[in-house]
Amino acid sequence: MTQDLPSSKYDRQERLSLWDQHIIEDSVILIAGVGGTGSEVAKNLALLGIGGLILVDVDTIEFSNLNRQMLFREEDVGKKKVEIARKRIRERFNPDIKIESHSSLLQNLPQWIFYNVDIIAGCVDNFLARQYLNAMAVELKIPLIDSATDGYFGQIQYVKPKVTACLACETPQPPDETRVLTAPCTLVGVPRVREHCAWKALYEFSTVHEREPIETSPEDIIELTKLANNFAYKYNFGQFDEKELLQLILFHVPSLITVNAVVSGLQSQEIIKSLFLEKKDIMKERERKILENLLKTHRFRIPSFTIYSALTGTINTFDLVPDPSCLVCGQSNAVVDSIQIVTVDRKSKFGSILDKIRKKHKKDYVGFRGNLIIPDDGIIQKFLSDGDRITLSSLADDEEIRLQIKFQN
Ligand SMILES: [Zn+2]
């Protein structure tokens, strides 16, 4: 007896009510960070038949990645993560999808790379990248589904700009035993908890040196601890020692493949649901009606915050509303709706233009894509392009101003 072969390799998932494979195949997801969680998310989305993936990660493969990052093998150690990930996903999981890879710091990615992205999957392991991704998602109004893991715990946050809380909104802290070190807080303004002093120190270090501190450099760690303790002293928090500071901000938290797999599974699922929500109007009529009915009867929901504990086997979800005073997504923010435009001659001197802008707005620092700009005598078009956005800030106050550069001729 012969059996008819299913006409599509996605046959089993296409049997689900609500499922619209065309929406999946028509979508592009940017995965920021291709480590423990990012590799899993990339694999899941590839197997589901996503139309395109954009992989961003500056790291190379380390031997200690191999116990949980299943896209990589021993022979890959030392090679760029995104390039090997792209190759393996196509070889092993799905040859039909388009994959772009960028071996770059997120902060250095040109903004146009985000323009065709439907959802951003945040799978990064450090604070600055996470805050940058959040600001970019809010500014470009792209939903962000961010995850973080720390040992036996994991969390996922869904940021629908202006609808749910963003990562910089003041959010209620989960109970101590399930706290994960993502520390949603702002880089400017008054630190609300002691850890914020460490993040501010990291930010100041990175802007002054235009690089991140090196974990194995005693000079870097001493300087970072000094900076953090200046903030701690100023805002009446206890002092840090070097070891504590290292643990707080320097990246290598304990990591388990089982927790990565659960968290990336949840994250991938929410990415697909979010695609259905965003593209509801172009879903097949039957599926759209099912979705509308589920929404109406509260049987479809994307929680804004999910916490998983492998120790207790529990998954808790919370809904977080945006904080109106949030510096990234709140009403006081000049970013999203009322960005100020500065018209300049593209041949004018970069340094003198920046000086004028800083004086006019009474700010100390000018930032571009997460880095401090050091003024230079060259002409402005050597450094910025028409339409680029810069930020003005001072460590002394809460207000960050964003400006868009427009070339006059
Ligand atoms: Zn916010």
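Residues numbered from 1 in each chain as written. Predicted model: local features only at pLDDT ≥ 70, side-chain atom pairs only at ≥ 80, totals over all residues.

### Focus on the overall build of the protein chain
Of regular secondary structure, the protein chain possesses eleven helices and 13 strands. Evaluated residue by residue, the protein chain yields a buried proportion of 37% over its 409 residues. Long-range contacts, defined here as pairs at least 24 residues apart, represent 66% of the contacts in the protein chain between residues at least 6 apart. (Helix = DSSP H or I, 4+ residues; strand = E, 2+ residues; numbered from the N terminus. Buried ≥ 20, exposed ≤ 12 C-beta atoms within 10 Å, placed from the backbone. Contact = placed C-beta atoms within 7 Å.)

### Some words on the confidence of the model for the protein chain
On average, residues of the protein chain score 85 in pLDDT, and 88% of them are at 70 or above. Here residues 172–186 is a poorly scored stretch, pLDDT under 50, and it has 29 contacts once near neighbours within four places are set aside; other chains count. (pLDDT = per-residue confidence, 0-100.)

### Observations regarding the packing of helix H6 (residues 194–209) against helix H8 (residues 242–249)
In contact at an axis separation of 10 Å, H6 and H8 are set at 80° when each is read in the N-to-C sense. When the interaxial angle is binned, H6 and H8 end up roughly perpendicular. Across the interface between the two elements, Glu195, Ala198 and Leu202 of H6 pack against Leu245, Leu248 and Ile249 of H8. For the contact of H6 with H8, the per-class residue count stands at five nonpolar, no polar and one charged. (Axes fitted to C-alpha atoms, helices over the stretch in contact; angles between N-to-C directions. Parallel < 35°, antiparallel > 145°, perpendicular 65-115°, else oblique. Nonpolar A, V, L, I, M, F, W, Y, C, P; charged D, E, K, R; others polar.)

### Some details on the pairing of strand S7 (residues 305–309)
Across the five residues of S7, four count as buried, placing the element largely inside the fold. The pairing of S7 with strand S8 (residues 314–318) spans five bridges and is antiparallel. Along S8, the bridge assignment pairs Ser309 with Thr314. (Pairing = 2+ DSSP bridges.)

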